[in-house]
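Coordinate inspection notes
This is what each chain is made of:
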Amino acid sequence: METKRVAIVGYNRIPFARINTAYTEKSNQDLLTAALNGLIDRCNLQGKLLGEVAGGAVIKHISESNLIRESVMETALDPATPGCDLQQACDTGIEAAIYIGNKIALGQIESGIACGVEAMSNIPFETSVRLRKALLKANKEKSVFAKIKQLLNPKLKDWMPVPYKGQEPKTGLVMGGHTEITAKYYEISREDQDLLAFKSHQNMAKAYDEGFFDDMISPAFGLDKDNNLRRDTSLEKLAQLKPAFDKQNGTLTAGNSTPFTDGASAILLASEEWAKENNLPVLAYITYAEVAGIEYVENKQNLLLAPVFAADRMLKKAGINLEDFDYYEIHEAFAAQVLATLKIWENDDVAKKFGLEKSLGKIDRNKLNVKGGSLAAAHPFAATGGRIIATLAKLLDEKGSGKGFISICAARGQGVTMILEK
């Protein structure tokens, strides 16, 4: 069976905002609908029937079980366009692109949108187990007296809401806690982490000044730029920040780690034929992608290092070396995670100890996250994949040819890599 080429033909996102700032009152659906409508306006998709829209949010309310379909119906797309919810932690956005891309490649659909959203400011709270059971039992009771009796069973402390902590269930550690272990294990210095963060902000500020994001971001709810970007940051300011996770001996700070963030992104994928029929440019093609998992309960330093294996497998299938790319987009969940990943890929001894046959090659740092990364833009979990794919597709389109490499790590010891070509 002959497969079709998967083209990236459009993109849009709304500005990313640190938690409890610009989007405090907005829901996942509010943010995603804004991003989708921006894409629809940008690509003249009003009234179009697309093959499918797929994506999701990492943190959702119970009422958002059909988030994507409900959001699609709030847009100017043909309401017959189906929607599918996906979730793979921070890989959600890029996994949605793989899902839509595979359907296009197989000829099942001709066009589709991959998207992701996170409204961390409007995050749902859990209840205690005792309270939840009492509420369920009370709901079954017929008389008011019986309902009240059930509700008297929980203790006062059981009525307190349980906030989201972002812990890994099998280890009890948050991502930053795991990454502190990673930094120590791979001997990643505080200075190198701060330097990576500094360059991320510098590169993004320059990209804004050059107008790179002018056709990529649609204003939303009073915000027209990512508000995590720190133009005035410096290595001196970053060095003054206190450790955020290991208070005594840690090297991870608020400056070299991403904060909780609100935001949404969307990319339009299509066959070449559909793009031509709809007068849309082929910005780049998705040619390879690989998803990997890794053991991280016994080896706690491994949580965010699954892309190491994904890249190894993907490059072998593609017959491409790690040096053979014009641009590299590596998700900066934490500066230490990026630097540890690079150290494994680039050092033979470290690579073999990790489980690879050999190192994968060197990455030219001048080609890495050239328009800024997640440390500057911030990281709304499910929306990051769309931001990164869009950035790389535009870079390749502007260059006119070439190859781009993407790597995104995720919670639960997972990761995705992807190759874009022009």
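What this report covers is the structure whose coordinates are included nearby.

Cut-offs and rules
- Residues numbered from 1 in each chain as written.
- Predicted model: local features only at pLDDT ≥ 70, side-chain atom pairs only at ≥ 80, totals over all residues.
- Heavy atoms only, no water.
- Phe/Tyr/Trp six-rings, centres within 6.5 Å; stacked < 30°, edge-to-face > 60°.
- Helix = DSSP H or I, 4+ residues; strand = E, 2+ residues; numbered from the N terminus.
- Buried < 20%, exposed > 50% of the residue type's maximum accessible area, 1.4 Å probe, protein only.
- Lys NZ or Arg CZ within 6 Å of the ring centre and 35° of its normal.
- Expected span 1.5 Å × (residues − 1).
- Contact = heavy atoms within 4.5 Å.
- Core = buried A, V, L, I, M, F, W, Y, C linked by side-chain atoms within 4.5 Å.
- Polar contact = N/O pair within 3.5 Å; in protein donor to acceptor, adjacent residues only side chain to side chain.
- Patch = residues over 30% accessible without salt bridge, like charges linked within 9 Å, V, L, I, M, F, W, Y side chains within 5 Å.
- Areas by Shrake-Rupley, 256 points an atom, 1.4 Å probe, with all protein chains shown as cover.
- Salt bridge = Lys/Arg side-chain N within 4 Å of Asp/Glu carboxyl O.

What follows is about the packing of aromatic side chains. Enumeration according to the criterion identifies 12 aromatic pairs in this entry. Seen from their ring centres, Phe245 and Phe334 are 6.2 Å apart, and the 75° between their planes marks the pair as edge-to-face. Linking Phe245 in the loop between helix H8 (235-240) and strand S6 (261-270) with Phe334 in the loop between strand S8 (327-330) and helix H11 (335-346), this pair joins segments that are 89 residues apart in sequence. Considering the side-chain rings of Trp345 and Phe405, the 5.5 Å spacing of their centres and the 85° angle between planes classify their relative orientation as edge-to-face. In this pair, Trp345 sits in helix H11 while Phe405 sits in strand S9 (residues 403-410), placing the two residues 60 residues apart along the sequence. Residue classification places Trp345 among the buried positions, given a relative accessible area of 0%. Exposure remark for Phe405: the relative accessible area of 0% places this residue in the buried category. An aromatic cluster of three or more residues is present, and its members are Phe325, Tyr328, Trp345 and Phe405. Sitting over the ring of Phe212, Lys394 keeps its end group 4.6 Å from the ring centre.

A word on helix H10 (residues 307-318). The terminal C-alpha atoms of H10, which comprises 12 residues, lie 16 Å apart, in line with the 16 Å expected from a rise of 1.5 Å per residue. Of all the positions in H10, only Pro307, Val308, Ala310, Ala311, Asp312, Met314, Leu315 and Ala318 are classed as buried. Those residues of H10 that are buried lie in contact with strand S7 (284-293), H11, helix H12 (348-354), S9 and strand S10 (414-421). Remark: Gly319 follows H10 within two positions and exhibits a positive phi of approximately 65°.

Right, let's talk about unusual backbone geometry for a bit. Its identity is not glycine, yet Asn279 carries a phi of approximately 55°, on the positive side. For Asn279, a relative accessible area of 71% gives the class exposed. Positioned with a positive phi, Arg412 is a non-glycine residue whose angle comes to about 65°. Residue classification places Arg412 among the partly exposed positions, given a relative accessible area of 40%.

By size, the foremost hydrophobic cluster in this structure holds 56 residues, and its most contacted members are Tyr186, Leu305, Leu322, Ile344, Trp345 and Phe405. Every element with two or more residues in this core is listed here: helix H6 (175-185), helix H7 (190-209), H10, S8, H11, H12 and S9. For this core, the element with the highest residue contribution is H11, accounting for 8 residues. Not counting chain neighbours up to four residues away, the residues in contact with Tyr186 comprise Gln301, Asn302, Leu305, Ala340, Lys343, Ile344, Val350 and Phe354. Counting residues in hydrophobic clusters, the runner-up holds 45 residues, among them Tyr11, Ala105, Ala205 and Ala207.

Glancing now at the side chain of Thr33. Looking at the secondary structure, you find Thr33 in helix H1 (residues 28-43). A relative accessible area of 11% means that Thr33 is categorised as buried. A polar contact is formed between the side chain of Thr33 and the backbone oxygen of Gln29, at a distance of 2.7 Å.

Okay, a nonpolar patch on the surface next. Nonpolar side chains collect at one region of the surface, where Val144, Ile148 and Leu152 lie side by side and expose about 320 Å² of accessible area between them. Following the sequence through the fold, Val144 ends up in helix H5 (residues 144-151). Residue classification places Val144 among the exposed positions, given a relative accessible area of 59%.

Moving on to the environment of Lys247. Considering the arrangement of structural elements, one finds Lys247 in the loop between H8 and S6. For Lys247, a relative accessible area of 56% corresponds to the exposed category. Taking the C-alpha atoms as reference points, Lys247 and Gly404, separated by 157 residues in sequence, lie 38 Å from one another.

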